[in-house]
Amino acid sequence: MNFFSKLYYRFRKMWKAIRLYLIIAGPGIVVMVADNDAGGITTYAATGAKYGYSLIWFLLILIPVAYYVQEMTVRLGAVTKRGHAEAIFDGFGAFWGWFSLIDLMIVDWLTLVTEFIGMTSALAIFGVPPWLTVLGVCALLAVIVLNGRYWTWEKIALLFCALNLIYIPGAFMVHPSVSDIFREGFVPNFPGGMNGELFFFLMANIGTTIAPWMLFFQQSAVVDKGMLEKDIPWGKFDTLLGSALTILVAVFIVIVTGTVLKGVDIDSASQAAELLMKSNHWVGTFMAIGLFDAGLLGAICISLASSWAFGEIFGWAHSLNQKIKEARWFYASYFFTLITAGLVVLIPGAPLILITLFVQVIAVTLLPAALVFLILLLNDRRTMGEYCNKPWQNWVGGFIVLSIVVLSSLYGISVMFPSLFQS
């Protein structure tokens, strides 16, 4: 009886912990899985087709990198109760505040364009015209955000996050060689040697795993959800789980294209889906469905990141818990960003593929500045108290910033002086 009593109380304690996590869960998983957006899916598909399994080890390294970057926004949001844009303005003044906000607006809008590119190209495979996709997506996102509750919006976003896992069964369906995956993918190597093309792919993979909009989005989401300091441990676990899930999906996409399409030049995830359909109809269909879902989830989050930032800076009401009459400018900026990005896709002859690939590189180029602001804010002991960065966290953050700066610099040098990196 004593044994069963202990077992019962342990179960109750465990169930209580699970229920508490389910209440707190959301921002970390949503922001990380949403970063597997349309541009990200294209990047992973192109990486697998170009290098096979060889860069899986590099993707796995990005799990702790993504976690250490994003968990700082959890602490900062829960302690200060301010979004990232507002925190930068308060901490560094108007000049640097506008600098970071303009960076965010440029990257967000360009990234949102890539989400519409992904969604229209995915549904075009099934015969849906681009104008209808843009119209339908804008209408759907309007319904999602105008429900008047952050809680409802978050749960809908989590459903789309679950659909992002559709790539996993697709990988099993192409029957990859497990021994080849471990032999080629888990041993660090630089296929083809150190050259501009490899630097481009490495930067693109970083840019689609860690992006400036993610810092702004997660911190604002933590504030809008009303998370407190006592919720920080659960928020950090939520972020760690999200980091693992996003890289897990990325690895499975690389496995799919690395198995079936290795050696084929891939310009877009929709092209990869069409090619996959020729060898396995269902795998190609999964790729197309996943691409649309990724674009939709990215659009849901990125458009909100911009609107939250604008609301914080201009002092507008900026919460999903407020009706449209209470936060007119917040919703106006949201729909303006959404609609204008969607219209770009409908411009005849627009270089859509080029935009998709280079947005990831632009994002990682602008990332170091955003990370420096974040690290400095986390070192303000007067504001952060016990949640201030510890020395080892500063070392990790500094190493991430330095690595990105070095990699982007090497890419720039390789473009200007390609002979230096010829193998």
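Model, not experiment: these values are computed from the prediction.

Novice: Looking at this structure, how should I read the overall build of the chain?
Specialist: Helices and strands together make up the secondary structure of the chain, namely 19 helices and zero strands. Relative to its full complement of 423 residues, the chain shows a buried share of 55%. Here the chain displays about 18100 Å² of accessible surface, and carbon together with sulfur accounts for 71% of that area.

Novice: Quick question: what am I supposed to make of the packing of helix 8 (residues 150–163) against helix 15 (residues 281–314) here?
Specialist: Helix packing for two helices is described by the angle between their axes and how far apart those axes are. Where helix 8 meets helix 15, the closest approach of the two axes is 8 Å, and the angle between their N-to-C directions is 145°. Considering how the two elements wind past one another, helix 8 and helix 15 form a crossing that is left-handed. Facing Tyr-150, Trp-153, Ala-157, Phe-160, Cys-161 and Leu-163 of helix 8, the residues of helix 15 in contact are Asp-293, Leu-296, Leu-297, Ile-300, Leu-304 and Trp-308.

Novice: I'm lost on the nonpolar core in this one. Help?
Specialist: Counting 134 residues, the largest nonpolar core has Phe-116, Leu-141, Trp-153, Trp-213, Phe-217 and Leu-320 as its most contacted members. The greatest single-element share of this core, amounting to 17 residues, is contributed by helix 15.

Novice: Whenever I open this one, the pattern of salt bridges confuses me. Can you help?
Specialist: Pairs may arise between side chains of opposite charge once their charged atoms sit close together. In the structure shown here, the tally under the stated rule is six salt bridges. The residue Arg-82 makes a salt bridge to Asp-90 at a minimum N-O spacing of 2.6 Å. For Asp-231, the salt bridge goes to Lys-230, with nearest N and O atoms at 3.5 Å. Using a relative accessible area of 62% as the deciding quantity, one classes Lys-230 as exposed. When salt bridges with common partners are traced through the structure, they connect Glu-71, Arg-75 and Lys-236 into a single cluster.

Novice: I'm lost on the environment of Ala-46 in this one. Help?
Specialist: Mapping Ala-46 onto the fold places it in helix 3 (residues 38–51). Of the residues examined, Ala-46 reaches a relative accessible area of 5% and is grouped as buried. Taking the C-alpha atoms as reference points, Ala-46 and Ala-269, separated by 223 residues in sequence, lie 7.6 Å from one another. Ignoring anything within four residues of it in the chain, the contact list for Ala-46 reads Phe-201 and Ile-266.

Novice: How should I be thinking about helix 12 (residues 212–225) in this particular structure?
Specialist: Because each turn of an α-helix spans 3.6 residues, side chains separated by three or four positions end up pointing in the same direction. When the terminal C-alpha atoms of helix 12 are compared, their 20 Å separation across 14 residues agrees well with the 20 Å that a helix rising 1.5 Å per residue should span. With 13 of 14 residues buried, helix 12 lies mostly within the body of the structure. Just downstream of helix 12, Gly-226 is the residue with a positive phi angle, here 85°.

Novice: Even after reading the chapter, I still don't get the packing of aromatic side chains, so can you show me in this structure?
Specialist: What describes a pair of aromatic rings is the distance from one ring centre to the other and the angle between the planes of the rings. According to the stated counting rule, one finds 17 aromatic pairs in the structure shown. A connected cluster of aromatic rings, assembled from ring pairs, spans Phe-92, Phe-95, Trp-96, Phe-99 and Phe-373.

Novice: Please clarify how unusual backbone geometry should be interpreted in this entry.
Specialist: One can expect most non-glycine residues to show negative phi and most peptide bonds to be in trans. Here the phi dihedral of Lys-81 falls at roughly 60°; this positive angle occurs in a residue that is not glycine. On the basis of relative accessibility, which here comes to 40%, the residue Lys-81 falls in the partly exposed class. The backbone of His-175 sits at a positive phi, close to 55°, despite the residue not being glycine. Locating His-175 in the fold gives a position in the loop between helix 9 (167–173) and helix 10 (178–185). According to the relative accessible area criterion, His-175 is exposed, its value standing at 67%.

Novice: Where do I start with the layout of surface pockets in this structure?
Specialist: Empty space among the atoms can be located by rolling a probe the size of a water molecule over them. Empty space within the largest pocket amounts to approximately 440 Å³. Forming the walls of the largest pocket are 20 residues, and the residues nearest its centre are Phe-58, Ile-61, Ile-206, Phe-399 and Ser-403. Those elements that place two or more of their residues in the lining of the largest pocket are helix 4 (56–80), helix 11 (196–209) and helix 19 (391–416). Among the elements that take part in the lining of the largest pocket, helix 19 stands out by supplying eight residues, more than any other.

Novice: Quick question: what am I supposed to make of a nonpolar patch on the surface here?
Specialist: A contiguous nonpolar surface patch, about 580 Å² in accessible area, is contributed by Trp-131, Leu-132, Leu-135, Ile-339, Leu-343 and Leu-346. When residues in the nonpolar patch are grouped by element, the largest group, three residues, is from helix 7 (residues 130–145). Here Trp-131 is to be found in helix 7.

Novice: Explain the side chain of Asp-108 here, please?
Specialist: Checked against the element boundaries, Asp-108 lands in helix 6 (residues 94–124). Despite being buried, Asp-108 has no salt bridge partner; Arg-82 is the closest side chain of opposite charge, sitting 19 Å away. Not counting residues up to four positions away in its chain, the partners in contact with Asp-108 are Trp-213, Ile-302, Ala-305 and Ser-306.

Novice: How should the environment of Tyr-167 be read in this particular structure?
Specialist: Looking at where Tyr-167 falls in the secondary structure, it is placed in helix 9. The exposure class assigned to Tyr-167 is buried, which follows from its relative accessible area of 3%. Each C-alpha atom of the pair Tyr-167 and Gly-290 lies 6.9 Å from the other, and the pair is 123 residues apart in sequence. Beyond its immediate sequence surroundings of up to four residues, Tyr-167 is in contact with Ile-41, Val-249, Phe-252, Ile-253, Val-256, Phe-286, Met-287, Gly-290 and Leu-291.

Novice: Sorry if this is basic, but what is going on with the state of the cysteines here?
Specialist: Here a disulfide denotes one covalent bond, and it connects the sulfur atoms of two cysteines. Tallied over the full model, the rule gives zero disulfides. Between Cys-161, a cysteine without a disulfide, and Cys-301, which holds the nearest cysteine sulfur, the sulfur-to-sulfur distance is 6.9 Å. What makes Cys-161 buried here is its relative accessible area of 5%.

Novice: How should I be thinking about the environment of Phe-160 in this particular structure?
Specialist: Here Phe-160 lies in helix 8. For the pair formed by Phe-160 and Leu-296, sequence separation is 136 residues and the distance between their alpha carbons is 8.2 Å. Filtering out sequence-adjacent residues up to four positions away, Phe-160 remains in contact with Ile-144, Asp-293, Leu-296, Leu-297 and Ile-300.

What counts, and where the lines are drawn
Residues numbered from 1 in each chain as written. Predicted model: local features only at pLDDT ≥ 70, side-chain atom pairs only at ≥ 80, totals over all residues. Heavy atoms only, no water. Helix = DSSP H or I, 4+ residues; strand = E, 2+ residues; numbered from the N terminus. Buried < 20%, exposed > 50% of the residue type's maximum accessible area, 1.4 Å probe, protein only. Areas by Shrake-Rupley, 256 points an atom, 1.4 Å probe, with all protein chains shown as cover. Axes fitted to C-alpha atoms, helices over the stretch in contact; angles between N-to-C directions. Left-handed = near helix turned anticlockwise from the far one by under 90°. Contact = heavy atoms within 4.5 Å. Core = buried A, V, L, I, M, F, W, Y, C linked by side-chain atoms within 4.5 Å. Salt bridge = Lys/Arg side-chain N within 4 Å of Asp/Glu carboxyl O. Expected span 1.5 Å × (residues − 1). Phe/Tyr/Trp six-rings, centres within 6.5 Å; stacked < 30°, edge-to-face > 60°. 1 Å grid on protein atoms, 1.4 Å probe; cavity = no way out; pocket = protein on both sides within 12 Å on 5 of 7 lines; lining within 4 Å. Points joined across faces, edges and corners; volume = space filled by probe spheres on them. Patch = residues over 30% accessible without salt bridge, like charges linked within 9 Å, V, L, I, M, F, W, Y side chains within 5 Å. Lys, Arg positive; Asp, Glu negative; His and termini not counted. Disulfide = S-S within 2.5 Å.

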